[in-house]
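A structural walkthrough
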Amino acid sequence: MFVQEEKIFAGKVLRLHVCTMEGAEWLEEVSEDTTVEKLKERCLKHCVPGSLEDPKTVTHHKLIHATSEKVLTDTKTVLEENIQDRDVLLLVKKRAPTLLPKMADVVAEEKRKQEQKAPDKDAILKATANLPARSVDRTVTHHNMRDFQTELRKILVSLIEVAQKLLALNPDAVELFKKANAMLDEDEEDRVDEIALRQLTEMGFPESRAVKALRLNHMSVTQAMEWLIEHADDPSVDAPLPGQAPAEGPAEGAASSAEAAAGPSSEEGGEEAKDELTEIFKKIRRKREFRPDPRAVIALMEMGFDEKEVVDALRVNNNQQNAACEWLLGDRKPSPEDLDKGIDTNSPLFQAILENPVVQLGLTNPKTLLAFEDMLENPLNSTQWMNDPETGPVMLQISRIFQTLNRT
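Everything in this summary refers to the structure shown in the same document. Worth saying up front: this structure is predicted, and the values here are computed from it rather than measured. (Residues numbered from 1 in each chain as written. Predicted model: local features only at pLDDT ≥ 70, side-chain atom pairs only at ≥ 80, totals over all residues. Heavy atoms only, no water.)

To continue, consider the overall build of the chain. Secondary structure summary: the chain contains 22 helices and 5 strands in total. The burial tally for the chain puts 32% of its 408 residues in the buried class. Long-range pairs, those at least 24 residues apart, make up 58% of the contacts in the chain with a sequence separation of at least 6. Element-wise, carbon and sulfur atoms account for 53% of the exposed surface of the chain, whose accessible area totals about 27400 Å². (Helix = DSSP H or I, 4+ residues; strand = E, 2+ residues; numbered from the N terminus. Buried < 20%, exposed > 50% of the residue type's maximum accessible area, 1.4 Å probe, protein only. Contact = heavy atoms within 4.5 Å. Areas by Shrake-Rupley, 256 points an atom, 1.4 Å probe, with all protein chains shown as cover.)

Now for the nonpolar core. Judged by nonpolar contacts, the single largest core of 25 residues is most densely connected at Ile155, Leu159, Leu349, Ile353, Phe372, Met375 and Ile398. Mapped onto this core, the elements with two or more residues apiece are α7 (144-168), α18 (348-355), α20 (366-377) and α22 (392-407). It is α7 that contributes the most residues to this core, 8 residues altogether. Other than its neighbours up to four places away in sequence, Phe372 contacts Leu156, Leu159, Ile160, Leu363, Val394, Met395 and Ile398. Leu39, Val58, Leu72 and Val78 belong to the second largest nonpolar core, which has 16 residues in total. (Core = buried A, V, L, I, M, F, W, Y, C linked by side-chain atoms within 4.5 Å.)

With that settled, consider the pattern of salt bridges. Using the criterion set out here, one finds 11 salt bridges in the structure. Among the salt bridges present, the one from Asp238 reaches Arg209, with a minimum N-O distance of 2.9 Å. With a gap of 29 residues between them, Asp238 in the loop between α11 (221-230) and α12 (250-262) and Arg209 in helix α10 (residues 207-216) connect regions that are remote in the sequence. Here Asp238 falls in the partly exposed class, since its relative accessible area comes to 48%. The shortest N-O distance in the salt bridge between Glu390 and Lys367 comes to 3.6 Å. Here Glu390 is found in the loop between α21 (382-386) and α22, whereas its partner Lys367 is found in helix α20, with 23 residues between them in sequence. We classify Lys367 as partly exposed; its relative accessible area is 23%. Through salt bridges with shared partners, a single ionic network connects Lys367, Asp388 and Glu390. (Salt bridge = Lys/Arg side-chain N within 4 Å of Asp/Glu carboxyl O.)

With respect to the helices, strands and loops of the structure, His17 is situated in strand β1 (residues 13-20). Judged by its relative accessible area of 26%, His17 falls in the partly exposed class. Separated by 69 residues in the primary sequence, His17 and Arg86 place their C-alpha atoms 6.1 Å from one another. Among residues more than four places away in sequence, those in contact with His17 are Glu25, Trp26, Leu27, Asp87, Val88 and Leu89.

Packing of helix α14 (residues 294-302) against helix α16 (residues 321-329) leaves a shortest axis separation of 10 Å and a crossing angle of 35°. For the crossing formed where α14 meets α16, the hand is right-handed. Note on element contacts: α16 touches α14 through Gln321, Ala324, Cys325 and Leu328, opposite Ala296, Ala299 and Leu300. Residue composition of the contact of α14 with α16, by class: 6 nonpolar, 1 polar and no charged. (Axes fitted to C-alpha atoms, helices over the stretch in contact; angles between N-to-C directions. Left-handed = near helix turned anticlockwise from the far one by under 90°. Nonpolar A, V, L, I, M, F, W, Y, C, P; charged D, E, K, R; others polar.)

Before going further, it helps to spend a moment on the sheet that holds strand β5 (residues 88-93). Taken in spatial order, the 5 strands make up an open sheet running β2-β1-β5-β3-β4, and their pairing is mixed. Of all the strands in the sheet, the pair left with one neighbour each is β2 (25-31) and β4 (70-71). Pairing between strand β3 (residues 61-65) and β4: 2 bridges, direction antiparallel. Paired with Ile64 across the bridge in β4 is Val71. Docked against the sheet, helix α2 (residues 36-47) engages β1, β2, β3 and β5, running at close to 145° with respect to β2. (Pairing = 2+ DSSP bridges.)

Every buried residue belonging to α14 is among Pro294, Ala296, Val297 and Leu300, and all of these are buried. Taken around the axis of α14, the buried residues stretch over an arc of 160°, which confines them to a single face. Tucked inside the fold, the buried residues of α14 contact α10, α15 (307-316) and α16. (Arc of directions from axis to C-beta.)

Here we take up helix α9 (residues 194-202). The complete set of buried residues in α9 reads Ala196, Leu197 and Leu200. Take α9 and look down its axis: the buried residues cluster within an arc of 100°, on one side only. More than 90 degrees from the buried face of α9, the exposed residues found are Glu194, Ile195 and Glu202. For α9, the secondary structure elements touched by its buried residues are α10 and α11. One or two positions beyond α9, positive phi appears at Gly204, with a value near 105°.

Relative to the helices and strands, Thr77 is located in the loop between β4 and β5. What makes Thr77 buried here is its relative accessible area of 17%.

Here Arg86, not a glycine, exhibits a phi torsion of approximately 70°, which is positive. One can find Arg86 in the loop between β4 and β5.

So this is what it looks like as structure tokens:
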């Protein structure tokens, strides 16, 4: 009996699971000595009939071992690629190679890049050689924002005076300002959290010392307790906070409140209302008095600065410790006296603001006056008043007028 030589020496037959990207699946039986290229031809015959008529079809496809994600080499055998029985292979079409750009296209692209390239210093000097020289004060640009804040404060000081005069003409001015004054009475900085104070006093801390600790630590019981423990042996622990007057006793407080509530009682109707309105204005101004951040005062005084200088620096820089330190070390401008000066009432800027209809209408609203007063004391509250439906339009018009005239 005659047996072919290849049958006698044939390797082990493997059953391989082959898949394509299109979803076709089948089993392919091959011997271990079959090359990957032959296996690929058999796979292409199975899934793409007639595909081998084009000799490039085989080279445009590749087999990938699914488990190892390895691309199989055409010249190697199944055994050399360490393919085992029941392994899964993936038949994938190769990506078309990227065509090299033509030389003409490369030259055109380089030319386009050169045209779009920013000019160098020599090119700029050559192009501007015939232009007249101008001196630009860069400090003006640098301080634009600060100048606006300084001018805005002057504008507010002058507008407050105008608003007070206009509102004083209102027959209901006293009642309006009583309500406004009541709103100002709700001062969070002077108010102490009673629950937090009770917790500290129940721990055995003196009430006055506990109040000081809470104010220094923004009403945080935990931080206040740590401060009290840390400063228990400090000789100045019971000293009043810098820039803050000692609290008046209950009897004095009640007496002053009663006097304020009683007001003038022996004057006639018109004079009585006028005097009462004047007293309310004075009270509003007193509440506008600056209150420095106690922690910032202590920190700056520890650097060697005098308390009065520190308070002035914090007032000028809106209680911002770092800015106050720079002010103390610098030329100290603007000065504290400049903060209470209003803008020149005959200036084009102030006249343009007063002629604006939105501003005119807003000045007859007591809430606008309150907003101006609050922004003088707490400039960081400007955003709150800008978003207010009643005062926001007024502030927006003031800002627009300032920016418009500042450009001209």
